[in-house]
Amino acid sequence: MMDPESGFYQNQVKKESWKQVLILAYQSLGVVYGDLSTSPLYVYKSAFDEDIEHSETNEEIYGVLSFVFWTLTIVPLLKYVFIVLRADDNGEGGTFALYSLLCRHARVNSLPNCQLADEDLSEYKKDGVVSTESNFGSGLKSILEKYRVLQKLLLVLALIGTCMVIGDGVLTPAISVFSAVSGLELSMSHEHHKYVEVPVACLILIGLFALQHFGTHRVGFLFAPIVVTWLFCISTIGLYNIIYWNPHVYQALSPYHMYKFLKKTQTGGWMSLGGILLCITGSEAMFADLGHFSQLSIKIAFSFVVYPSLILAYMGQAAYLSKHHVVATDYRIGFYVSVPGLAVITVMLVTTCLMSLVIVLCWRKSVFVALAFVLFFGAFEALYFSASLIKFLEGAWVPVALSLIFMAIMYVWHYGTLKKYEFDVQNKVSINWLLSLGPSLGIVRVRGMGLIHTELVSGIPAIFSHFVTNLPAFHQVLVFLCVKSVPVPHVRPEERFLVGHIGPKEYRLYRCIVRYGYRDFHKDDVEFENDLVCSIAEFIRAESSKINGLKGESDKENDEKMTVVGSPSTYVDGIRMHEDMDDNNNEDIPGTSELKEIRSPLTTPKKRVRFSLPESPKMENVAREELQDLMEAREAGIAYILGHAHVKAKHNSNWFKKLVINVGYDFLRRNCRAPSYPLSVPHASTLEVGMICQI
């Protein structure tokens, strides 16, 4: 589908021809709309699972149909298709996409190592945003940026929404498959059915999850015809039932029947809303899965295929039930389908709350528009939320408990990471101390390149001073590497690296900040190493030649000037690095006949590294010497200096903080988190510097 590095702008690919849009719409049917499409299997049964019975007047079934119709119209169609899908984060959707938008338009970001240079990223500001800002929006932005408690509340709200999706997703596949398999009871005896139902459901689930690793593209094409066939069948059967049993069932679409239903059934009718809510299970997937498709494709699939099919299916069921007031059946699945009755609506309420902030802060609309959005959709969803609370003790507590566990894990990790970064900032070494040591840094400089990984974007990490204090020798070229995430989905290759000198050039100290979006693909170690070295070489050339087009950023605190340098593939006329294992191979590399080469004078290197330079502009001798040192260091090899911090709570901390840090965060750090740097570091080239961090 795409190239991980240079072809990640999926949203731009989705704007081409109608053919591609329709293909994406077809694929989305097999990925996004599975839950919504199977909801007719259990909505009516769950709604009438309470103490509600059909009467000859059909007021109950007409009321349920009216609720289903308007719920499907207001929430998935009006709210998500026409409003929420527009709040994408450069093509990405979901709760964290909304949170990411808010973090960029108001400085409420909880990431500790943010920089002003990050705001210059191409995807940092959403295209088409009006520059004017209302007084209320400006005041709200100032309040959010001023009070840390509001920033934490916003983060917790985003975590709740995300964890509720996970908690619901743990159970929803099993419930949907079980509900579908339960229909086998109609074609076999109860004795045989109870032995067939669970094994068949398990086999289907195993098969479904076994196909996940093939990716969204293939899964979409595989399941799309199945979902299309299913929707065609239920809509055709629904149309037949309408014509044959009750052609006047369309009258039940009037909202007046909702009022009559609640008036007659009272508490029982209000409790049945928890079952009716299941008709929109999976609506959040339209926004959450936006990154795999596009706005237009999802809108087309729902508006012209899913929505009319579901309406016909529900109307057909109502038409049939209006003439069959007693349906004999032994099994009831109301308990099972009620399980996700609370997680689903909680996610929707979180989306409504975050969307109101997006409307004011990101879209710069009037506060009255945001209030109207919250009051209309919030009141509608609050009604269902109150009814879902009744199901809490009957099974709805399961996804809620799972969500709370996931949220606790996420918040413990966030809290521990934030405190660890604060410790690193407080204990970092002054650059002035480093510069006072002179070009040799007061230690022996040996051949090779030392790559020091740090979370800091400025200053010298404490592990460096800890290392040189105990072992006074280091490499001829030192690179302080920070690999960090920024609150955008993708970072363009030409904006990937921020490179700068630490101190005078003769110190051969560099800082390199590598920026990734939260949906970016991290390269493997070899390719990343080459890109890193090339970015430093390109920085040296650009600094010497004063090339226009490279943006510089200054760190006033430490007087470090950082330059934006792209990946090697983004510069047609830039520096190229070539590696040869054969020392006698002096043939010109194809395509570089017009380029001058700097070669290492060493006689027997294990690996020969060459930098191909463009003819112009001319480079100064000082820059050529710097490139020569960089090349020789790369030939000698790279050593990876990694900090291995043992994070402990301070002795005077309370018992809860000790539990969170010493047990929770320590366990997650050891077992559940891969290194943040995209390197499969070879053990022979690795040095780990251990430190105890008391936070």
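Described in the following lines is the structure provided in the data block. Values in this document were obtained by computation on a predicted structure and should not be read as measured data.

What counts and what doesn't
- Residue positions are counted from 1 within each chain, in the order its sequence is given.
- Per-residue local features are limited, in this predicted model, to residues with pLDDT of at least 70; the limit for side-chain atom pairs, both in listing and counting, is 80 or more; totals at the level of whole chains, interfaces and linings are taken over all residues.
- As a rule here, side-chain values come from all non-hydrogen atoms in the structure, and water together with hydrogens is ignored.
- A simple rule labels every residue: compare its accessible area, found with a 1.4 Å probe on the protein chains alone, to the largest value its type can have, and call it buried under 20%, exposed over 50%, or partly exposed in between.
- Numbering of helices and strands runs from the N terminus, with a helix taken as a DSSP run of H or I at least four residues long and a strand as a DSSP run of E at least two residues long.
- By definition, two strands form a pair when at least two bridges between them are found by DSSP.
- Two rings from Phe, Tyr or Trp (for Trp, the six-membered ring) form a pair when their centres are within 6.5 Å of each other. A pair whose planes differ by under 30 degrees is stacked, one over 60 is edge-to-face, and the rest are tilted.
- Remark: a charge is flagged as sitting over a ring if the NZ atom of Lys or the CZ atom of Arg is within 6 Å of the ring centre and within 35 degrees of the ring normal.
- Each patch is built from salt-bridge-free residues with over 30% relative accessible area, joining like charges within 9 Å and nonpolar side chains (Val, Leu, Ile, Met, Phe, Trp, Tyr) within 5 Å.
- Shrake-Rupley sampling with a 1.4 Å probe provides the accessible areas, and residues are treated as covered by the protein chains on show and by no other component.
- Any carboxyl oxygen of Asp or Glu that lies within 4 Å of a side-chain nitrogen of Lys or Arg is treated as forming a salt bridge with it.
- The convention used is that axes are lines fitted to C-alpha atoms, helices contributing only their stretch in contact, and that angles between N-to-C directions extend from 0 to 180 degrees.
- Comment on the angle field: the value is read as roughly parallel under 35 degrees, roughly antiparallel over 145, roughly perpendicular from 65 to 115, and oblique elsewhere.
- Every residue pair with non-hydrogen atoms within 4.5 Å of one another is taken to be in contact.

### A short note on the pairing of strand S4 (residues 509–516)
Of all the eight residues making up S4, eight are buried; the element is thus mostly covered by neighbouring parts of the structure. The alternating pattern of S4 places Leu509, Arg511, Ile513 and Arg515 and Tyr510, Cys512, Val514 and Tyr516 on opposite faces, both of which are buried. Both strand S2 (residues 473–485) and S4 contribute to a ladder of eight bridges, which runs parallel. Bridge pairing in S4 places valine 479 opposite tyrosine 510.

### A word on the packing of aromatic side chains
Applying the stated criterion to the full structure yields 18 aromatic pairs. Ring geometry for phenylalanine 67 and phenylalanine 261: centres 6.0 Å apart, planes at 70°, overall edge-to-face. With phenylalanine 67 in helix H5 (residues 59–81) and phenylalanine 261 in helix H11 (residues 256–265), the pair connects residues that are 194 residues apart, well separated along the chain. Each member of the pair, phenylalanine 67 as well as phenylalanine 261, carries the same accessibility label: buried. Members of the aromatic cluster, joined through ring pairs, are Tyr240, Tyr244, Trp245 and Tyr320. The aromatic ring of tryptophan 363 is capped on one face by arginine 86, whose charged end is 4.8 Å from the ring centroid.

### Looking at a nonpolar patch on the surface
Taken together, the side chains of Ile23, Tyr26, Phe221 and Val228 define a hydrophobic patch exposed on the protein surface, amounting to about 290 Å² of accessible area. Sorting the residues of the nonpolar patch by element identifies helix H2 (18–31) and helix H10 (216–245) as the ones contributing at least two each. Take tyrosine 26: it is sitting in helix H2.

### Quick word on unusual backbone geometry
Residues apart from glycine generally show negative phi values, whereas peptide bonds are mostly found in trans. Residues other than glycine seldom take positive phi values, yet asparagine 58 does so here, at roughly 65°. Checked against the element boundaries, asparagine 58 lands in the loop between helix H4 (43–47) and H5. Residue asparagine 58 is classed as buried on the basis of its relative accessible area, which comes to 9%. Although it is not a glycine, arginine 508 sits at a positive phi angle of roughly 55°. Relative to the elements of secondary structure, arginine 508 occurs in the loop between strand S3 (497–501) and S4.

### Some words on the packing of helix H7 (residues 135–146) against helix H16 (residues 343–361)
Contact geometry of H7 with H16 gives a least axis separation of 9 Å together with a crossing angle of 120°. Taken together, the axis directions place H7 and H16 in an arrangement best described as oblique. When H7 is examined against H16, the residues Phe136, Gly137, Leu140, Lys141 and Leu144 are found in contact with a partner set consisting of Leu357, Val360 and Leu361.

### Some remarks on the side chain of threonine 346
Structurally, threonine 346 can be placed in helix H16. Of the residues examined, threonine 346 reaches a relative accessible area of 12% and is grouped as buried. The contact partners of threonine 346, leaving out residues within four places of it in the chain, are Ile160, Met164 and Phe385.

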